[in-house]
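Results of the structural survey
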Amino acid sequence: IGDVGAWAIGQLLAVAREPVHEVHLSHNRITEQGACSIFEAIARCKRYPYHMDRSGRRDTNGLTPVWLRMEYNCVQWAAIEQRLESQQVRWCAAESRDGWGPKDSSPMVCVHSSYKNQKVEEP
């Protein structure tokens, strides 16, 4: 889907009727530009973390992050981590969708811990 598709998914996450619980975007030739589009759209819309009514881990306010898989794209994470921090995107990595931390305050996004496994070639 590349960066244009990643931008569109970021917009969908921001305006969907209900908060999106999981997004699997592995193997889609997304670069830093597309990754930032997704994370920044999530931060701007202020819908995440979302209120979870079903079973699953929640923080003390009943909130949980969107679960995101982005391994095997073309993202150099070290190049965008400072940008995400400056945009106040609260995110973490974990082995499972309920493995996020800190326990008392949900991040906006939890990515699978394999997110740093990326392709070497550019799209």
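Look up: the structure comes first, before these words.
Summary of the structure given here. Quick caveat, the model's predicted, so the values are computed rather than measured. (Residues numbered from 1 in each chain as written. Predicted model: local features only at pLDDT ≥ 70, side-chain atom pairs only at ≥ 80, totals over all residues. Heavy atoms only, no water.)

Looking at the sheet that holds strand 6 (residues 109-112)
Taken in spatial order, the four strands line up as 1-4-6-5 in an open sheet, and their pairing is parallel. Every interior strand has two partners, whereas the edge strands, strand 1 (22-24) and strand 5 (91-94), have only one. Strand-to-strand, the axes of this sheet are offset by a mean angle of 25 degrees, without reference to chain direction. By the bridge criterion, three bridges tie strand 4 (residues 66-69) to strand 6 in an arrangement that is parallel. From the neighbouring strand, Trp67 faces strand 6, where its bridge partner is Cys110. (Pairing = 2+ DSSP bridges. Helix = DSSP H or I, 4+ residues; strand = E, 2+ residues; numbered from the N terminus. Axes fitted to C-alpha atoms, helices over the stretch in contact; angles between N-to-C directions.)

Re the pattern of salt bridges
According to the stated counting rule, one finds three salt bridges in the structure shown. Glu40 serves as the salt-bridge partner of Arg83, at 2.7 Å between the closest nitrogen and oxygen. Of this pair, Arg83 sits in helix 3 (residues 81-86) while Glu40 sits in helix 2 (residues 32-45), and the two are 43 residues apart along the sequence. Residue classification places Arg83 among the partly exposed residues on the basis of a relative accessible area of 42%. Glu40 sits in the buried class, given a relative accessible area of 10%. Of the charged contacts, one joins Glu71 and Arg69 as a salt bridge, the two residues approaching to 2.4 Å between their closest N and O atoms. Judged by its relative accessible area of 7%, Glu71 is buried. (Salt bridge = Lys/Arg side-chain N within 4 Å of Asp/Glu carboxyl O. Buried < 20%, exposed > 50% of the residue type's maximum accessible area, 1.4 Å probe, protein only.)

Details of the side chain of Ser26
Topologically, Ser26 is positioned in the loop between strand 1 and helix 2. Engagement of the side chain of Ser26 in a polar contact is seen with the side chain of Glu71, the distance being 3.3 Å. Ignoring anything within four residues of it in the chain, the contact list for Ser26 reads Arg69, Met70, Glu71, Tyr72 and Asn73. (Polar contact = N/O pair within 3.5 Å; in protein donor to acceptor, adjacent residues only side chain to side chain. Contact = heavy atoms within 4.5 Å.)

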